[in-house]
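Residue-level structure breakdown
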Number of protein chains: 2
Amino acid sequence: MSAIETVSEQRCFGGTQGFYTHVSEACGGPMKFAVYLPPAAENGPVPVLWYLAGLTCTAETFTIKAGAQRVASELGLALVMPDTSPRDTGIAGATGDWEFGEGAGFYLDATEAPWDQRFRMYSYVVDELPRLVQERFPFDMGRQGICGHSMGGHGALTLALRNPGRYRSLSAFAPIVAPTNVPWGQKAFPRYLGDDKKAWRKHDATALVADGARFNGSILIDQGEADNFLVNQLQPQRFETACEDAGQALELRMHPGYDHSYYFIQSFIEDHLRHHAKALAA
Amino acid sequence: MSAIETVSEQRCFGGTQGFYTHVSEACGGPMKFAVYLPPAAENGPVPVLWYLAGLTCTAETFTIKAGAQRVASELGLALVMPDTSPRDTGIAGATGDWEFGEGAGFYLDATEAPWDQRFRMYSYVVDELPRLVQERFPFDMGRQGICGHSMGGHGALTLALRNPGRYRSLSAFAPIVAPTNVPWGQKAFPRYLGDDKKAWRKHDATALVADGARFNGSILIDQGEADNFLVNQLQPQRFETACEDAGQALELRMHPGYDHSYYFIQSFIEDHLRHHAKALAA
């Protein structure tokens, strides 16, 4: 695990929006991530919200498109935005397909060659990056929340369900809730994880809940009804049913007219940040 | 003047974020622009804020990076974001230089060949686009304001100063206030306007004020002190001095630590929108 190098730091809503790089052990190469530090970080440790982005996105997507810093500044919440996969891996087939490979890491540790050498976003986001950032930034690691969009919503849900107690708050925008049952997952999981569908269940929020995993708190999900991916790829009712059956608290909000874009996300990001801040209050 | 074609329309903060194209007479080819319609537009005409973007930007830059729709939705303010120049002009030398040509129209009507055929952003923004959008959207054209960033701040200031009564409110982020005296203007103006510096003065906010132009109201300008272009290209004190000498009301706010980016703009956009809404109130 190498030291963090600063790419840029810019003043934003009285805090600091930074981009950083380091050489990742988990992902076997350089990784970029973004951090927003609110003004409150000048006075001591602040709670941390992880944001996992979707297919094709980078560490910069949410950072510049979501309008999140305004509310994070007010609430004294730090934001961490990892990339969505390793980059420049040189692996044949890792680029050129927006649904698989670079930009589409699915927040899992690949077990199949050649992906298992570099595509280890689960270990990166759960283990390596937290250890790294807490050395550099004034983070209260006892107060972490996690949020994500689409593939990143899948990441947020599965990481939180698999690591009870790690994240105190959980939310998602238009998440992939049942990848084992939709084309995105059925395309990526065999290549990353092999053909044994038992292994896929650890990376499927709906299956995790059905198999007994629980989140200690209410999960907030926003979903646009005009989202082009709603019917074929997202199917939030699968997760809703699993949560109902399991007694898992969930607030699923359907929004007429909204699509899958950051115009949707920026419309509701304030609600999410307040949801997290409430749970993360000391 | 051709009809408007809709590229996309997306729900955002209860309103509609749209991108549109049409074939421009002024610019001799297709042009793209963005409009945000707040929810209040469903109930009747709304005031309109024009936003002019800077070098290298497009109609999408402010639209996705500024976080403006939240406040525009609340205030019932429509936003119009034109492109910064004609595109795909095919003119030799029109691409490949971020400070001149495509992406760098400087909101003037070029008088020098070959630029005079296509680079007519002044007529486009002042005459053609307003006529076009008022036919399509529920705009109250008696209540228009104008704002811009950098080269677009230059555009906002010069268009408002040259068209008294047209815009009821005026603000800028890090504007080029004295292009005739800084490298950006000294590079672009000879090619667009020729070597007669008298012609340049109509496109220089500081010169316009010195020559007697006035804005009926207080001009709001925000400028970051960590802006890399502050000393060589922006020099807001030139405009401040001209306004003081002329009795032109101006609020110039200097912000320690902020740079030239949209992280700066999003930090203060709410103040600007409220400044405009106040002046545009019925």
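Residues numbered from 1 in each chain as written. Chains lettered and ligands numbered in written order. Predicted model: local features only at pLDDT ≥ 70, side-chain atom pairs only at ≥ 80, totals over all residues. Heavy atoms only, no water.

Let's talk about the overall build of chain A
Applicable threshold: In DSSP terms, a helix is any run of H or I states spanning at least four residues, a strand is any run of E spanning at least two, and both are numbered starting from the N terminus. We take the radius of gyration over the C-alpha atoms and set the globule estimate at 2.2 Å times the residue count to the 0.38 power. Residue burial is assigned from relative accessible area. The probe radius is 1.4 Å, only protein chains are included, and a residue is buried under 20% of its type maximum, exposed over 50%, and partly exposed in between. Whether two residues are in contact is decided by their heavy atoms, any of which lying within 4.5 Å being enough. For every accessible area listed, the method is Shrake-Rupley and the probe measures 1.4 Å; residues are considered covered only by the protein chains on display. The charge count treats Lys and Arg as positive and Asp and Glu as negative. His and the chain ends do not count. Note that the charge is assigned to NZ on lysines, CZ on arginines, CG on aspartates and CD on glutamates.
From N to C terminus, chain A includes ten helices and nine strands. Taken over the C-alpha trace, chain A has a radius of gyration of 17 Å; the compact-globule value for 282 residues is 19 Å, and the two agree within 12%. In terms of its C-alpha atoms, chain A occupies a principal-axis envelope of roughly 50 × 40 × 35 Å. Taken across its 282 residues, chain A has 62% of its residues classed as buried. Residue pairs in contact within chain A that sit at least 24 positions apart in sequence constitute 72% of those at least 6 positions apart. Taken as a whole, chain A presents about 10,100 Å² of accessible surface, with 46% of it coming from carbon and sulfur. Charged side chains in chain A number 24 positive and 32 negative. The centres of these two groups are separated by 3 Å.

So, the UniProt feature "active site" (unreviewed entry) in chain A
Residues and elements named next belong to chain A. Cut-off, in case you're wondering: UniProt positions are given in the numbering used here, feature names are shortened, and annotations may be inferred rather than shown by experiment.
The UniProt record annotates "active site" (unreviewed entry) at Ser-150, Asp-227 and His-260. Spatial clustering of the annotated residues is evident: they stretch over 111 residues in sequence, but the largest pairwise C-alpha distance comes to 10.8 Å. Tracing the chain through its elements places Ser-150 in the loop between strand S6 (139-149) and helix H4 (151-162). Residues within four places of Ser-150 in sequence aside, it is in contact with Gly-54, Phe-173, Ala-174, Pro-175, Ile-176, Trp-184 and His-260. Summarising the element assignment, His-260 is placed in the loop between strand S9 (250-255) and helix H10 (262-280).

Re the relation of the copies chain A and chain B
We count it as follows: Only residues with pLDDT of at least 70 in both copies count here: their C-alpha atoms drive the least-squares fit that superposes the copies.
Take chain A, turn it by 180°, move it 0.0 Å along the axis, and it overlays chain B with an RMSD of 0.0 Å. A rotation of that kind, with that shift, is consistent with a two-fold axis.

Section: the sheet that holds S6 of chain A
All names here are of chain A. As a reminder of what qualifies: Two strands are said to pair when DSSP picks up at least two bridges between them. Note on definitions: angles span 0 to 180 degrees between N-to-C directions of axes, and those axes are lines fitted to C-alpha atoms, for helices only across the stretch in contact.
The sheet built from nine strands is open, its strands ordered S1-S2-S3-S5-S4-S6-S7-S8-S9 with mixed pairing. Taken across any chain shown, the strands that pair with only one partner, and hence form the sheet edges, are strand S1 (5-12) and S9. Looking at each pair of strands side by side, their axes are set apart by 20° on average, direction ignored. Lying on the sheet, helix H3 (residues 121-136) is in contact with S1, strand S2 (15-24), strand S3 (29-37), strand S4 (46-52), strand S5 (78-82) and S6; it crosses S2 at an angle near 120°. Strands in contact with helix H9 (residues 236-246) are strand S8 (219-224) and S9; relative to S9, the strand with the most contacts, it is inclined by about 155°.

Comments concerning the interface of chain A and chain B
As a reminder of what qualifies: Defined in terms of a 1.4 Å probe, buried area is the accessible area two parts forfeit on being brought together, summed over both. Whenever Lys or Arg places a side-chain nitrogen within 4 Å of a carboxyl oxygen from Asp or Glu, that contact is recorded as a salt bridge. Following the grouping adopted for this structure description, the nonpolar residues are Ala, Val, Leu, Ile, Met, Phe, Trp, Tyr, Cys and Pro, the charged ones are Asp, Glu, Lys and Arg, and the polar ones are all others, Gly among them.
Of the residues lining the interface, 23 residues belong to chain A; the matching set on chain B comes to 24 residues. With both sides pooled, the region where chain A packs onto chain B buries about 2,000 Å², and carbon together with sulfur makes up 54% of that total. On the chain A side of the interface with chain B, the three residues burying the most area are Arg-11, Ile-64 and Tyr-263 of chain A, jointly 36% of the side's total. Our count for the contact surface shared by chain A and chain B stands at zero salt bridges. Sorting the residues of the side of chain A that touches chain B by element identifies S1, S2, helix H1 (59-65), helix H2 (69-75) and H10 of chain A as the ones contributing at least two each. Each residue belonging to the side of chain A that touches chain B can be placed in one class, and the counts come to eight nonpolar, nine polar and six charged.

Structural notes on the environment of Arg-253 of chain B
All names here are of chain B. As for its position among the elements, Arg-253 is in strand S9 (residues 250-255). A sequence separation of 80 residues divides Arg-253 from Phe-173, and the C-alpha atoms of the two residues are 9.8 Å apart. Apart from the residues within four sequence positions on either side, Arg-253 is in contact with Leu-220, Ile-221, Asp-222, Gln-223, Phe-268 and Asp-271.

Remarks on the sheet that holds strand S8 (residues 219-224) of chain B
Residues and elements named next belong to chain B. On the basis of which strands lie adjacent, the open sheet formed by nine strands has the order S1-S2-S3-S5-S4-S6-S7-S8-S9 and mixed pairing. In this open sheet, the two edge strands, each paired with only one partner strand, are strand S1 (5-12) and S9. Geometrically, the sheet is characterised by an average inter-axis angle of 20° between neighbouring strands, direction not taken into account. Alignment of strand S7 (residues 169-173) against S8, held across three bridges, turns out to be parallel. Bridge pairing in S8 places Ser-171 opposite Leu-220. Along the sheet, helix H9 (residues 236-246) makes contact with S8 and S9, crossing S9 at roughly 155°. Across the sheet, helix H10 (residues 262-280) lies against strand S4 (46-52), strand S5 (78-82), strand S6 (139-149), S7, S8 and S9, angled at about 175° from S7, the strand it touches most.

Overview of the pairing of S5 of chain A
Of all the five residues making up S5 of chain A, five are buried; the element is thus mostly covered by neighbouring parts of the structure. Residues Ala-78, Val-80 and Pro-82 of chain A point to one face of S5 of chain A and Leu-79 and Met-81 of chain A to the other, with burial holding for every one of them.

Looking at the pattern of salt bridges
All names here are of chain A. On inspection of all chains with the given rule, the structure shows 24 salt bridges over all chains. Across the pair Asp-271 and Arg-253 runs a salt bridge whose closest N-O atoms are separated by 2.8 Å. Residue Asp-271 is located in helix H10, and its partner Arg-253 is located in strand S9; the two are separated by 18 residues in the primary sequence. With relative accessibility at 34%, the residue Asp-271 sits in the partly exposed group.

So, the packing of aromatic side chains
The line we're drawing: Ring pairs are drawn from Phe, Tyr and Trp, using the six-membered ring of Trp, whenever the two centres fall within 6.5 Å, and their geometry is named by plane angle: stacked under 30 degrees, edge-to-face over 60, tilted for the rest. Here, a charge over a ring is recorded when the distance from Lys NZ or Arg CZ to the ring centre is within 6 Å and its angle to the ring normal is within 35 degrees.
One pass over the full model with this rule turns up 36 aromatic pairs over all chains. Through a chain of ring-to-ring contacts, the aromatic side chains of Tyr-20, Phe-33, Phe-137 and Phe-139 of chain A assemble into a single cluster. Lying over the aromatic face of Tyr-122 of chain A, Arg-162 of chain A brings its terminal NZ or CZ to 4.3 Å of the ring centre. Arg-166 of chain B extends its terminal NZ or CZ atom over the ring of Tyr-167 of chain B, reaching a point 5.8 Å from the ring centre.

Notes on the environment of Ser-73 of chain A
All names here are of chain A. Assignment of secondary structure puts Ser-73 in helix H2. Distance in space between the C-alpha atoms of Ser-73 and Tyr-107 is 27 Å, their sequence separation being 34 residues. Once residues within four sequence positions are removed from consideration, Ser-73 is found in contact with Phe-13, Tyr-36, Pro-38 and Pro-39.

A look at H10 of chain A
Under the convention used in this document: Fitting axes to the seven residues that end at a residue and to the seven that start at it, the angle between those axes gives the bend at that residue. In protein, a polar contact means a hydrogen-donor-capable atom and an acceptor-capable atom, both N or O and within 3.5 Å, with residues adjacent in sequence counting only if both atoms are side-chain atoms; elsewhere, any N or O pair within 3.5 Å suffices.
A maximum bend of about 50° is found in H10 of chain A at Phe-268 of chain A. The N-cap residue of H10 of chain A is Ser-261 of chain A: its side-chain oxygen and the backbone nitrogen of Tyr-263 of chain A are 3.1 Å apart.

Some points on H9 of chain B
Residue and element names in this part refer to chain B. What counts, and what does not: In this description, the arc belongs to the directions extending from the helix axis to the C-beta atoms.
Burial in H9 covers these residues: Pro-236, Phe-239, Ala-242 and Cys-243. Down the axis of H9, the smallest arc covering the buried residues is 125°, so these residues share one side. Facing away from the buried side of H9, by more than 90 degrees, are the exposed residues Glu-244 and Asp-245. Elements that come into contact with the buried residues of H9 comprise helix H4 (151-162), helix H7 (205-210), S8, helix H8 (230-234) and S9.

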